[in-house]
Amino acid sequence: MNHAVPDIAFLHELADAADKQTLPRFRSQLNLHVGSKPKEGFRFDPVTDADREAERAMRDLITSRYPDHSVMGEEFGLTGSGPLQWVLDPVDGTRPFLCGIPVWGTLIGLTVEGRGHMGMMSQPLTGERFWADGQHAWRSGPQGTAQMQTRRGIPLEQAILHLTSPEPIARHPQVNFAALEASTLMIRYGGECYALSMLAAGQIDLCLEYGLQPYDIVALVPIIEQAGGVVTTLSGGRPEAGGNILASGCPQLHEQALRLLNS
């Protein structure tokens, strides 16, 4: 059995394979077939052939190279078992994908015994990748390659807060979003996985996300943590299983934000 942890080059290989399926279909009405999946609380949860074909391409590579590894993907579910599991979201942010806005990305995560160990977010239109190699977090793109570090020591009243969408706020009245919003410098919406990558890059201080699935967050956990940030559920637990999630640039800010959200 091959239970070896792969090197980061294999995650880039997986991203290359996904990019070949997603990028030709982006902003292309002729090449894209759009459907919808049932999802509680949403009248429209889009899925496209970009999602399916990108996941299929990544699964094929994993199966051929690491047949003993487990795979969990948004489109084709869970296969296999064992200590190493790939967690794949071929197009995280299908709504902006359909709108032609490049804040979507392919998420590739690797867990070891259930804990996020390596991860990658690939945005092929901008030519950017954000990844964690097991020790450090990195970004590459038109501005070159650099190690990432979250922003530290920012007081709460100067912090930038991000949510993907305001829609879930009313569905989660137990989360005191108003208290956090009132305490921060500003709030922005709509950044999807790109915003969480920007938190790792030191541009955003707090990201609050409601109702995540494992494939929405697993790849981003090591990217944020290995850049110096913190990611937990709102009860302070590990985030790999999803749920309501807070990511923060530094531990002190995280504790302050959690207190407000739970107040």
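The preceding data block contains the structure.
Residues numbered from 1 in each chain as written. Predicted model: local features only at pLDDT ≥ 70, side-chain atom pairs only at ≥ 80, totals over all residues. Heavy atoms only, no water.

Q: Could you give an account of the pairing of strand β14 (residues 230-233), with specific residues and numbers?
A: Residues V230 and T232 line one face of β14 and the alternating positions V231 and T233 line the opposite face, and both faces are buried. In this structure, β14 lies alongside strand β15 (residues 243-248), joined through 4 bridges in antiparallel fashion. Residue pairing for β15: V230 is matched across the bridge by S248. (Buried < 20%, exposed > 50% of the residue type's maximum accessible area, 1.4 Å probe, protein only. Helix = DSSP H or I, 4+ residues; strand = E, 2+ residues; numbered from the N terminus. Pairing = 2+ DSSP bridges.)

Q: Any details on the packing of helix α1 (residues 8-22) against helix α2 (residues 49-65)? Residues and values, ideally.
A: Two elements in contact, α1 and α2, have axes separated by 8 Å at closest approach and are oriented at 150°. One element, α1, and the other, α2, form an angle in the roughly antiparallel class. Where α1 crosses over α2, the handedness of that crossing is right-handed. Across the interface between the two elements, F10, E13, L14, A17, A18, Q21 and T22 of α1 pack against A50, E53, A54, A57, M58, L61, I62 and R65 of α2. Residues of the contact of α1 with α2, tallied by class, amount to 10 nonpolar, 2 polar and 3 charged. (Axes fitted to C-alpha atoms, helices over the stretch in contact; angles between N-to-C directions. Parallel < 35°, antiparallel > 145°, perpendicular 65-115°, else oblique. Left-handed = near helix turned anticlockwise from the far one by under 90°. Contact = heavy atoms within 4.5 Å. Nonpolar A, V, L, I, M, F, W, Y, C, P; charged D, E, K, R; others polar.)

Q: Go over the packing of aromatic side chains with me, naming the residues and quoting the values.
A: All chains considered together, the criterion is met by 6 aromatic pairs. Each ring, one from F10 and one from W86, has its centre 5.5 Å from the other, and the planes form 70°; the classification is edge-to-face. One end of the pair, F10, is in helix α1; the other, W86, is in strand β5 (residues 84-92), with 76 residues separating them in the sequence. Accessibility expressed as a relative area gives 2% for F10, which makes it buried. Seen from their ring centres, F26 and F97 are 5.2 Å apart, and the 50° between their planes marks the pair as tilted. On the criterion of sequence distance, the pair formed by F26 in the loop between α1 and β1 (34-36) and F97 in helix α3 (residues 94-99) is long-range, its members being 71 residues apart. (Phe/Tyr/Trp six-rings, centres within 6.5 Å; stacked < 30°, edge-to-face > 60°.)

Q: Please provide a residue-by-residue account of the pairing of strand β11 (residues 160-163), values included.
A: What you see with β11 is no split at all: I160 and H162 on one side and L161 and L163 on the other are buried throughout. Where β11 meets strand β12 (residues 186-189), 4 bridges bridge the pair, whose relative direction is parallel. Pairing of I160 across the sheet is with M186, part of β12. Handedness of the crossover joining β11 and β12 through helix α4 (residues 177-183) is recorded here as right-handed. For β11 and strand β13 (residues 206-212), the ladder comprises 3 bridges, and the chain directions are parallel. The partner of L161 across the bridge, within β13, is L206. (Right-handed = clockwise from strand over helix to strand, strands pointing away.)

Q: I'd like to hear about the nonpolar core, residue by residue, with values.
A: Residues M148 and L220 are the most contacted members of the largest nonpolar core, which totals 28 residues. Those residues in contact with M148, other than ones at most four positions away along the chain, are F130, A137, W138, R139, S197, A200, A201, I223 and A227. Membership of the second largest hydrophobic core comes to 21 residues, among which are L11, A15, I62 and M120. (Core = buried A, V, L, I, M, F, W, Y, C linked by side-chain atoms within 4.5 Å.)

Q: I'd like a rundown of the environment of R95, residues and numbers included.
A: Structurally, R95 is set in helix α3. Given a relative accessible area of 34%, R95 falls into the partly exposed group. Once the C-alpha coordinates of R95 and Q135 are considered, the two residues, 40 residues apart in sequence, prove to be 32 Å apart.

Q: Please set out the sheet that holds β13 residue by residue, giving values where relevant.
A: Spatially, β12-β11-β13-β15-β14 is the arrangement adopted by the 5 strands of the open sheet, whose pairing is mixed. Each edge of the open sheet is held by one strand with a lone partner, namely β12 and β14. The average undirected angle you get between the axes of adjacent strands in this sheet is 20°. Contacts between helix α5 (residues 192-200) and the sheet are confined to β11, β13 and β15, with β13 contributing the most and set at about 140° to the helix.

Q: Got a sec to walk through the layout of surface pockets? Specific residues and values, please.
A: Of the volumes computed, that of the second largest pocket is approximately 180 Å³. Lining the second largest pocket we find E128, F130, R139, S140, G141, P142, Q143, G144, Y194, M198, A201 and Q203. Secondary structure elements with two or more residues in the lining of the second largest pocket: β8 (128-132), β9 (137-141) and α5. Among the elements that make up the lining of the second largest pocket, the one with the highest residue count is β9 (3 residues). Here the lining of the second largest pocket is composed, by residue class, of 5 nonpolar, 5 polar and 2 charged. (1 Å grid on protein atoms, 1.4 Å probe; cavity = no way out; pocket = protein on both sides within 12 Å on 5 of 7 lines; lining within 4 Å. Points joined across faces, edges and corners; volume = space filled by probe spheres on them.)

Q: Before we move on, can you summarise the side chain of D92 with the specific residues and values?
A: Locating D92 in the fold gives a position in strand β5. Looking at D92, the relative accessible area reads 8%, which means it is buried. Excluding residues that lie within four positions of it along the chain, D92 makes contacts with W104, G105, L107, C193 and D216.

In short, the description is geometric, and any link to function would need to be established separately.
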